[in-house]
Amino acid sequence: MAKSIPALVTPEVLQWARSLDRISVEEIAQKLKVDVAKIQSWEDGSENPSLVQAKALAKQYRVPFAYLYLPDTPQKIKRLDKVDYRTFGNWGPMDMSREFRWFLRDIEERRDNMFKLYTDAEIEAKPFTTNISADISEETFAMHIRQFLGLTKEIQAKFRKPEVALSYCISKLESEDFLIFQAAKIDPSEMRGLSVAYETFPIIALNRKDESSARLFTLFHELVHILSRTSGICNDMSQEKSSQNQLELFCNKVAGFALVPQDLLAQNKNIPLIRQYGLDDIYVNAIARDFAVSREVILHRLWDIGIVDRKTYFDTLNRYSEEYMAYKSKKKQDGFLPPALDKGTQVGKLYTKAVMSAYYADKLTPREASNYLLGLRVKHFGAIERWCY
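What counts and what doesn't
Residues numbered from 1 in each chain as written. Predicted model: local features only at pLDDT ≥ 70, side-chain atom pairs only at ≥ 80, totals over all residues. Heavy atoms only, no water. Helix = DSSP H or I, 4+ residues; strand = E, 2+ residues; numbered from the N terminus. Buried < 20%, exposed > 50% of the residue type's maximum accessible area, 1.4 Å probe, protein only. Contact = heavy atoms within 4.5 Å. Areas by Shrake-Rupley, 256 points an atom, 1.4 Å probe, with all protein chains shown as cover. pLDDT = per-residue confidence, 0-100. Salt bridge = Lys/Arg side-chain N within 4 Å of Asp/Glu carboxyl O. Axes fitted to C-alpha atoms, helices over the stretch in contact; angles between N-to-C directions. Parallel < 35°, antiparallel > 145°, perpendicular 65-115°, else oblique. Left-handed = near helix turned anticlockwise from the far one by under 90°. Nonpolar A, V, L, I, M, F, W, Y, C, P; charged D, E, K, R; others polar. Lys, Arg positive; Asp, Glu negative; His and termini not counted. Polar contact = N/O pair within 3.5 Å; in protein donor to acceptor, adjacent residues only side chain to side chain. Phe/Tyr/Trp six-rings, centres within 6.5 Å; stacked < 30°, edge-to-face > 60°. Lys NZ or Arg CZ within 6 Å of the ring centre and 35° of its normal.

A. Just the overall build of the protein chain, in detail. Scanning the protein chain for helices and strands turns up 19 helices and 4 strands. Taking all 389 residues of the protein chain together, the buried fraction comes to 49%. Sequence separation of 24 or more characterises 69% of the internal contacts of the protein chain that already satisfy a separation of 6 or more. Accessible area of the protein chain: about 19500 Å², with a carbon and sulfur share of 51%.

Put into structure tokens, the structure is as follows:
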């Protein structure tokens, strides 16, 4: 049997790479099917991994293989504690799935890429200076959000579908140099959305596994966090006090008021019909189309203004939940997306435009541009450019 070729990697870099996503020694040992002691020996320099094992380590750590041969750890270190990510259960990075940890690191790297791309293109990023206190009423905060998005009654009436409303709102935020990302491989139970209120290139991330209506609500929820400078990770968008801390409940209420303002709801032609004939899915669905939101959002707003009582609300909400679960069980999982649309929706149009501009200006090589766009092949560059514009 041929002797394996040792990889003369730097032990300190191995430790650094593993720490990027807080991967435990036990976890990586299990992935490579070696003893924990073997991993430790590589990291203390008493032994060297084989070439095959070193490549496997680089793949698991998601760092370039060549990094492992650097004489010291790279200066540009990405760590999960760079931002105070917060969740309802106050769980930390060690409780996150690896996909989630990778995603957190990736979105920070994309933001760093944007600084480089804008600097090379001599573009000055728009500073984000808006700061709204969370001490004001939900209705007043919601009004500020609609003003920030330029969302008028007339514009909203044209949407009819949540996906159209979502596209409009994302476009508005990207015009203000917000980075809007969408996770493709994270379970919604772990993350529905997250926000990081940076003063330049603030980040909002959504979960692409959610329906468009859910992502629209999450976008508004996270925008409350951004505008009030309270970054966080959210995995629960219900509006019940039993499952929320006060800030999250506030964000959800503001999102509901912003999407369905009370004065516009009261003017809707279906409200008198509900008062006269009682709650009916026909009326709820019609109102949902008028505001381009989910029927769950409308149902809660009807409860807010006293059109339906608590029992009717929860009975109907439970039925909607059961119907949705039945729909999800029949729906095809992970339907095919064209490569350009798949990668583009994950990184957003603002980021994609910056990458493609740098590529056509010969500031990025084809390989670099591909890496920036999640490995999108060069043959799909034309398609992603058309998607952007």
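Additional details are given in the paragraphs that follow.
B. Quick look at the confidence of the model for the protein chain. Residue-level pLDDT values for the protein chain average 85, and 89% of them are 70 or greater. Overall, residues 77-94 carries pLDDT values under 50, and its contacts beyond four positions in sequence, including any with other chains, amount to 55 contacts.

C. Structural view of the pattern of salt bridges. Scanning all chains against the criterion turns up 13 salt bridges. Put simply, Arg319 and Glu323 hold a salt bridge, and the shortest N to O gap is 3.0 Å. Note that Arg319 and Glu323 are positioned in helix H15 (residues 310-330) at a spacing of 4 residues, about one turn of the helix. Residue class for Glu323 comes out partly exposed when judged on its relative accessible area of 32%.

D. Quick look at the side chain of Ser50. Inspection of the secondary structure assignment puts Ser50 in the loop between helix H3 (36-44) and helix H4 (51-61). For Ser50, a relative accessible area of 12% gives the class buried. The residues contacting Ser50, other than those within four sequence positions of it, are Ser4, Ile5, Pro6 and Ala7.

E. Representation of the environment of Leu149. You can see Leu149 is positioned in helix H6 (residues 138-149). As a C-alpha pair, Leu149 and Ile170 span 21 residues in sequence and 9.3 Å in three-dimensional space. Those residues in contact with Leu149 that sit more than four places away from it in its chain are Tyr168, Cys169, Lys172, Leu173, Phe220 and Leu223.

F. Layout of the packing of helix H12 (residues 270-277) against helix H13 (residues 281-291). The interhelical angle for the contact between H12 and H13, taken along N-to-C directions, is 165°, at an axis separation of 10 Å. Judged by the inter-axis angle, H12 sits roughly antiparallel to H13. When the axes of H12 and H13 are compared, the crossing they make is left-handed. Touching Asn270, Ile271, Leu273, Ile274 and Tyr277 of H12 are Tyr283, Ala286, Ile287 and Asp290, all from H13. A class-by-class count of the residues in the contact of H12 with H13 yields 7 nonpolar, 1 polar and 1 charged.

G. Layout of the side chain of Glu174. Looking at the element boundaries, Glu174 is found in helix H8 (residues 162-174). No salt bridge is formed by the buried Glu174. Its closest oppositely charged neighbour is Lys353, at 6.3 Å. Here Lys349 takes part through its backbone nitrogen, which lies 3.1 Å from a polar atom of the side chain of Glu174.

H. Here's a closer look at the packing of aromatic side chains. Applying the stated criterion across every chain, the model contains 13 aromatic pairs. With centroids separated by 5.0 Å and ring planes inclined at 75°, the aromatic side chains of Tyr313 and Phe314 adopt a geometry described as edge-to-face. The exposure class assigned to Tyr313 is buried, which follows from its relative accessible area of 4%. Here Arg295 stacks its cationic end above the ring of Tyr320, 3.8 Å away from the centre of that ring. For Lys349, the ring lying beneath its charged end belongs to Trp387, and the centroid distance is 5.1 Å.

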